[in-house]
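Overview (structure and organization)
What follows is the residue order along each chain.
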Amino acid sequence: MSERSMLCLLATATAVAVLTGCTSTKPSASGGTEVELVKSGKLMTCTHLPYEPFQIRKGNAIVGFDVDLVDLVAKKLKVTQEIVDTPFEGIQSGEDLNTRKCDLAAAGMTITPVRAKNLDFSAGYFDATQALIAKKGSSFTSLAALKGKKLGVQQGTTGETYAQKHAPGVTAVQFEDLALLLTAVKTGQVDAAVGDNGVLFEYVRKNPDTEVTAEFDTGEKYGIGVRAGNDALRKEINSVISKAKSDGSYDRIYKKWFPAAPKK
């Protein structure tokens, strides 16, 4: 073999190593295809902070309902979870999964037909619906009552979509994340805000000068997202969710993060 041919082979091998060196595989606990992971020994989770109580930073740690649930998946795969805080748009578009920024996305994310075109979802693991939050004693008990007023929405969420369809005559004010949205309600920057009921009830529990004034039955369910076609990991997640609901683990995690909210 010529020196030139040898160099070409080495260059090709190096290129392949660069492309594949950041992934590892774990045998499927369900006995199927191996699960491919972005980083050896880690289950990389993309989320968008803060979204209490699903994921929130406490000191140097990120904790929450979604974090505990994904920890069960990591345990089954015999790895540890590592969380990546990233803008929600990159999560719901599937870009973060396609570029291998993470293995899965757990971000209190509603399963929708549009998102399902960009990524694959696990089975639904949390029943959600939209709700309206305002200052305590407010007269804004419906979207119709907000005509001519300012309604806060989180950009790229199903709450924003719901407001666009059901709140004519209302001025929608976009916010990048939940913390900014709720602060706007508390400070009077907006008259009310629409968002997922789980996070709004948790906020009201800790901020009694606010209240949930209405709920809208949208029949939403949260799902954990994986890269389109990543059936091996999706099946493992579904297996964990099913087992957690049958062995009491799910109820334990639920009560930990939603002490004041009904399960249904």
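Look above for the structure.
Residues numbered from 1 in each chain as written. Predicted model: local features only at pLDDT ≥ 70, side-chain atom pairs only at ≥ 80, totals over all residues. Heavy atoms only, no water.

**Concerning the packing of aromatic side chains**
To keep things clear, this is the line we draw: The aromatic pairing rule takes the rings of Phe, Tyr and Trp, using the six-membered ring of Trp, and pairs them if the centres are within 6.5 Å, calling planes under 30 degrees apart stacked, those over 60 edge-to-face and the rest tilted. Segments assigned H or I by DSSP are reported as helices when at least four residues long, segments assigned E as strands when at least two residues long, and all are numbered from the N terminus. Only protein chains enter the calculation, and the probe is 1.4 Å; a residue is then buried if its accessible area is under 20% of its type maximum, exposed if over 50%, and partly exposed in between.
Taken as a whole, this structure holds 17 aromatic pairs when the rule is applied. Between the aromatic rings of Phe54 and Phe126, the centroid separation amounts to 5.0 Å while the plane-to-plane angle is 85 degrees, which identifies the pairing as edge-to-face. Here Phe54, found in the loop between β3 (42-47) and β4 (56-58), pairs with Phe126, found in strand β9 (residues 126-135); they are 72 residues apart in sequence, far enough to count as distant. Judged by its relative accessible area of 6%, Phe126 is buried.

**Considerations on helix α8 (residues 197-206)**
Note the cut-off: We call two residues in contact whenever any of their non-hydrogen atoms come within 4.5 Å of each other.
Counting buried positions along α8 yields seven of 10 residues, so the element is predominantly enclosed. Residues Asn197, Gly198, Val199, Leu200, Glu202, Tyr203 and Val204 constitute the buried set of α8. In this fold, the buried residues of α8 make contact with β9, α7 (178-187), β12 (192-196), β13 (210-222) and α10 (249-257).

**Concerning the packing of helix α2 (residues 65-77) against α10**
In helix packing, the relevant descriptors are the interaxial angle and the interaxial distance, both defined with respect to the helix axes. To be explicit about the condition: Fitted lines through C-alpha atoms serve as axes, helices being fitted only where they are in contact, and the angles separating the N-to-C directions of these axes extend from 0 to 180 degrees. Just so you know how the angles are binned, under 35 degrees is roughly parallel, over 145 roughly antiparallel, 65 to 115 roughly perpendicular, and the rest oblique. Note on convention: near helix rotated counterclockwise from far helix by under a right angle means a left-handed crossing. Clockwise means right-handed.
At their nearest, the axes of α2 and α10 sit 9 Å apart, and the two run at 155 degrees to each other. Between α2 and α10, the angle falls in the class roughly antiparallel. Crossing hand, α2 versus α10: right-handed. Along its contact with α2, which presents Phe65, Asp68, Leu69 and Leu72, the element α10 presents Ser249, Tyr250, Ile253, Tyr254, Lys256 and Trp257.

**Side note on the nonpolar core**
Our working definition: Among the buried residues, those of types Ala, Val, Leu, Ile, Met, Phe, Trp, Tyr and Cys that are joined through side-chain atoms within 4.5 Å form a nonpolar core.
Core analysis: the largest hydrophobic core is formed by 46 residues, its most contacted members being Leu43, Phe65, Leu104 and Phe126. Of all the secondary structure elements, the ones that give two or more residues to this core are β2 (35-37), α2, β9, α7, α8, β13, α9 (231-247) and α10. Once residues within four sequence positions are removed from consideration, Phe126 is found in contact with Phe54, Phe65, Glu220, Lys221, Tyr222, Tyr250, Tyr254 and Phe258. The next biggest cluster of nonpolar side chains, apart from the first, holds 15 residues, and it includes Leu132, Ala134, Val170 and Val194.

**A short note on the packing of α2 against α9**
Here is the rule: Just so you know the grouping, Ala, Val, Leu, Ile, Met, Phe, Trp, Tyr, Cys and Pro go in nonpolar, Asp, Glu, Lys and Arg go in charged, and all remaining residues, Gly too, go in polar.
With their axes 9 Å apart at the nearest point, α2 and α9 run at an angle of 115 degrees to one another. The element α2 and its partner α9 pack so that their crossing is right-handed. Contact with α2, carried on its side by Leu69, Leu72, Val73, Lys76 and Leu77, involves Leu233, Glu236, Ile237, Ser239, Val240 and Ala244 of α9 and no other residues of that element. Residues of the contact of α2 with α9, tallied by class, amount to eight nonpolar, one polar and two charged.

**With respect to the side chain of Thr213**
Our working definition: Residues adjacent in sequence count toward polar contacts only when both atoms are side-chain atoms; beyond that, a polar contact is any pair of N or O atoms within 3.5 Å, and within protein one must be able to donate a hydrogen and the other to accept it.
Of note, Thr213 is situated in strand β13. Accessibility expressed as a relative area gives 17% for Thr213, which makes it buried. A distance of 2.7 Å separates the side chain of Thr213 from the backbone oxygen of Phe140, its partner in a polar contact. Non-local contacts of Thr213, meaning those with residues more than four positions away in its chain, are made with Leu132, Ala134, Phe140 and Thr141.

**Side note on the pattern of salt bridges**
Short version of the rule: What counts as a salt bridge is simple: a side-chain nitrogen of Lys or Arg found within 4 Å of a carboxyl oxygen of Asp or Glu.
All chains considered together, the criterion is met by 11 salt bridges. Taking the shortest distance from any N to any O, the salt bridge between Asp209 and Lys186 comes out at 2.8 Å. In this pair, Asp209 sits in the loop between α8 and β13 while Lys186 sits in helix α7, placing the two residues 23 residues apart along the sequence. Classification of Lys186 by relative accessible area gives partly exposed; the value is 33%. For Glu202, the salt bridge goes to Arg205, with nearest N and O atoms at 2.9 Å. Of this pair, Glu202 and Arg205 both sit in helix α8, three residues apart, which is roughly one turn of the helix. What emerges from the salt-bridge pattern is a single network uniting Glu52, Glu202, Arg205 and Lys206.

**A few points about the pairing of β9**
Note the following rule: Strands were regarded as paired on the criterion that DSSP finds at least two bridges between them.
With respect to burial, β9 is a largely interior element, eight of its 10 residues being buried. Relative to β13, β9 is paired through nine bridges, and the arrangement is antiparallel. Each bridged residue has a counterpart across the sheet, and for Asp127 the counterpart in β13 is Lys221.

**Notes on the state of the cysteines**
Our working rule: Two cysteine sulfur atoms make up a disulfide if the distance between them is within 2.5 Å.
Evaluated as defined, the whole model comprises one disulfide. Between the sulfur atoms of Cys46 and its disulfide mate Cys102 the distance is 2.3 Å. Residues Cys46 and Cys102 are joined by a disulfide whose S-S torsion is about -105 degrees; by sign, that bridge is left-handed. One end of the pair, Cys46, is in strand β3; the other, Cys102, is in the loop between α4 (95-98) and β7 (104-105), with 56 residues separating them in the sequence. Exposure class is identical for Cys46 and Cys102. Each is buried.

Any link to function would need more than the numbers given here.
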